[in-house]
Amino acid sequence: MGEIRSRSEYLKYFAGAPLTNARQSEAFRVALDIRKFEIELYWKRAAYFWTFIAATLAGYLLLQQKTGQDSFDATYMVTCLGFTFSVAWYFVNRGSKSWQRNWEAQVDLLEDEIVGPLYKSEINRYGSRFWDLTAGYHFSPSRINQILGVFITVLWFGLIIRTLLLADWSLPAHRWTAAIMSFLTLLTCAVFWFMGKSSEATKPRGIVHSLRGYTDDPDQ
């Protein structure tokens, strides 16, 4: 659907009787419900990971109030936990986005004969001007959330490097803590990558299509 310049031009896309195919209508309803459910899960997962990341960051800041090398073991464990949770959060965000886009694409494919191109349509009566601080703008909350996840992950990685640079490598306890926690952190992140992907049986069936006006923003 191209650019629409009048209300009558808009309404013509929704003219006529809806398709009477009950199976397609039911599929459309189910796709909408699952899409809504996936969006709710997306933000619940975000809140879940933010709780753990905030707790680890608070623990790190509290440990920084200690003086000397006594806090290295606890500090390094906390930074490794923060990094691991941040990597997991980023991967979960990517996975959630993939499933959201799957159901959004199916709504796009099913809706035309039932309700018209309603989901694919976007009406912006006021334009999009970034410097108009009271107007809306085409930002994607999900993409910003993913970028924030990358930032937090890089932040924790920097804190890991900082903690290692402050270690007293003449102490065996520090060497063992660094070695064990580094190994467990790298192993866990590798497991996320190699074993955390959807299996072939649960992957969406591929459909080659071209969708005009498609949005990948889960909050739209």
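For every chain, the first residue of its written sequence is number 1, and the numbers climb from 1 along that sequence. At least 70 in pLDDT is required for a residue's local features to be given in this predicted model, at least 80 for side-chain atom pairs to be given and counted, and no such filter applies to totals for whole chains, interfaces and linings, which use all residues. The basis for the side-chain values is all heavy atoms of the structure; hydrogens and waters are excluded.

1. What about the pattern of salt bridges?
Which entries qualify depends on this criterion: Salt bridges, as used here, are contacts in which a Lys or Arg side-chain nitrogen is within 4 Å of a carboxyl oxygen on Asp or Glu. Every helix listed is a DSSP run of H or I at least four residues long, and every strand listed is a run of E at least two residues long, numbered separately from the N terminus. Burial classes follow relative accessibility: with a 1.4 Å probe on protein chains only, a residue under 20% of its type's maximum area counts as buried, one over 50% as exposed, and anything between as partly exposed.
Counting across every chain of the model gives three salt bridges. Across the salt bridge formed by D33 and R29, the nearest N and O atoms sit 3.0 Å from each other. With D33 and R29 both in helix 2 (residues 22-63) and four residues apart, the pair spans about one turn of that helix. Judged by its relative accessible area of 41%, D33 falls in the partly exposed class.

2. What about the nonpolar core?
The condition is simple: For our purposes a nonpolar core is just a set of buried Ala, Val, Leu, Ile, Met, Phe, Trp, Tyr and Cys residues, chained together by side-chain atoms within 4.5 Å. We call two residues in contact when some of their heavy atoms are within 4.5 Å.
Counting residues in hydrophobic clusters, the biggest one holds 21 residues, and the most contacted among them are Y76, F83, W89 and W156. With eight residues, the single largest contributor to this core is helix 3 (residues 72-111). Once you skip the residues sitting within four places of it in the chain, W89 turns out to touch A46, F49, W50, I53, N145, L148, G149 and I152. Core analysis: the next-biggest nonpolar cluster, separate from the first, contains seven residues, F28, A31, W103 and V107 among them.

3. Here's the deal with the packing of aromatic side chains
Using the following cut-off: Note on ring pairs: Phe, Tyr and Trp rings are taken, using the six-membered ring of Trp, and paired if centres are within 6.5 Å. Classes follow the plane angle, with under 30 degrees stacked, over 60 edge-to-face and the rest tilted. Definition used: whenever NZ (Lys) or CZ (Arg) falls within 6 Å of the ring centre and also within 35 degrees of the ring normal, the charge is taken to sit over that ring.
Tallied over the entire structure, the rule returns ten aromatic pairs. Where Y42 meets W43, the ring centres are 4.9 Å apart and the plane angle is 80°; that geometry is what we call edge-to-face. Relative to F85, the ring of F52 has its centre 4.9 Å away and its plane inclined at 20°; by these criteria the two rings are stacked. Here F52 is found in helix 2, whereas its partner F85 is found in helix 3, with 33 residues between them in sequence. The class for F85 is partly exposed, based on a relative accessible area of 22%. Here K197 stacks its cationic end above the ring of W193, 4.0 Å away from the centre of that ring.

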